[in-house]
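So the chains spell out like this:
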Amino acid sequence: MNTLTCPHCHSDVPRGASVCRGRQAEITYGPEHNQLGALLVPAAFVGYKVRTLLPDSMAIAAWIVGAGVFIGLIAFIKYACRDRVSFKRAYKTKR
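Residues numbered from 1 in each chain as written. Predicted model: local features only at pLDDT ≥ 70, side-chain atom pairs only at ≥ 80, totals over all residues. Heavy atoms only, no water.

A. Seen up close, the overall build of the protein. Looking only at helices and strands, the protein features three helices and four strands. Order of helices (α) and strands (β) in the protein, N terminus to C terminus: β-β-β-α-α-α-β. C-alpha extents for the protein along the principal axes are approximately 60 × 40 × 15 Å. Taking the intrachain contacts of the protein between residues at least 6 apart in sequence as the baseline, contacts between residues at least 24 apart amount to 51%. Of the accessible surface of the protein, which amounts to about 7,200 Å², a share of 62% is contributed by carbon and sulfur atoms. (Helix = DSSP H or I, 4+ residues; strand = E, 2+ residues; numbered from the N terminus. Contact = heavy atoms within 4.5 Å. Areas by Shrake-Rupley, 256 points an atom, 1.4 Å probe, with all protein chains shown as cover.)

B. Looking closely at the state of the cysteines. Inspection of every chain in the model, using the stated rule, returns zero disulfides. C9 forms no disulfide, and the closest cysteine sulfur to it belongs to C20, at a distance of 3.6 Å. Taking relative accessible area as the criterion, C9 reaches 22% and is therefore assigned partly exposed. The exposure class of C20 is buried, given its relative accessible area of 0%. (Disulfide = S-S within 2.5 Å. Buried < 20%, exposed > 50% of the residue type's maximum accessible area, 1.4 Å probe, protein only.)

C. Broad picture of helix α3 (residues 59-80). Here α3 contains 22 residues, and its C-alpha end-to-end distance of 32 Å stays within 8% of the 32 Å for a straight helix at 1.5 Å per residue. Turning to α3, its buried residues number three or more, namely A62, G66, I74 and I77. Buried residues of α3, seen end-on, are gathered within an arc of 110° and therefore sit on one face of the element. Residues of α3 that are exposed and point over 90 degrees away from its buried face: I60, I64, I71, F76 and Y79. (Expected span 1.5 Å × (residues − 1). Arc of directions from axis to C-beta.)

D. Looking closely at the confidence of the model for the protein. Residues of the protein with pLDDT of at least 70 account for 95%, and the chain-wide mean is 87. Across the protein, α3 holds the top mean pLDDT of 92, while helix α1 (residues 33-37) sits lowest at 79. (pLDDT = per-residue confidence, 0-100.)

E. Representation of the layout of surface pockets in the model. Counted as a void, the largest pocket has a volume near 180 Å³. If you go around the largest pocket, the residues you meet are L40, A43, A44, G47, Y48, R51, A59, A62, W63, G66 and A67. The dominant element in the lining of the largest pocket, judged by the number of residues it contributes, is helix α2 (residues 40-53), at six residues. Per-class residue counts for the lining of the largest pocket are eight nonpolar, two polar and one charged. (1 Å grid on protein atoms, 1.4 Å probe; cavity = no way out; pocket = protein on both sides within 12 Å on 5 of 7 lines; lining within 4 Å. Points joined across faces, edges and corners; volume = space filled by probe spheres on them. Nonpolar A, V, L, I, M, F, W, Y, C, P; charged D, E, K, R; others polar.)

F. Up close: the nonpolar core. In this structure, L4, C6, V13, A17, C20, A25, I27 and F87 together form the largest nonpolar core, which totals eight residues. Residue contacts for V13: discarding those within four places in its chain leaves N2, T3, L4, C6, V19, C20, I27 and F87. If you look at the next biggest cluster of nonpolar residues, it comprises five residues, including L36, L39, I74 and I77. (Core = buried A, V, L, I, M, F, W, Y, C linked by side-chain atoms within 4.5 Å.)

What follows is the structure, given as structure tokens:
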């Protein structure tokens, strides 16, 4: 079984776990959610550029192309970040 090392408590954590047993750090895999949201900008730009090149009767094609670019970029980012692991620990402070 493949294991990870928690950067907070240096304990071994099995790959696929969602929480570190040592310091209760949340473990996430893959790309950050803001990375996926940022892909809307290039997809919208490509859709807009395609829209300017096509006649008015084919405006729906620009939406289809933009959606295809967005889906393709999401697949690429998920593939590129498939081995990314992030440990996030919520630190409690006294009030």
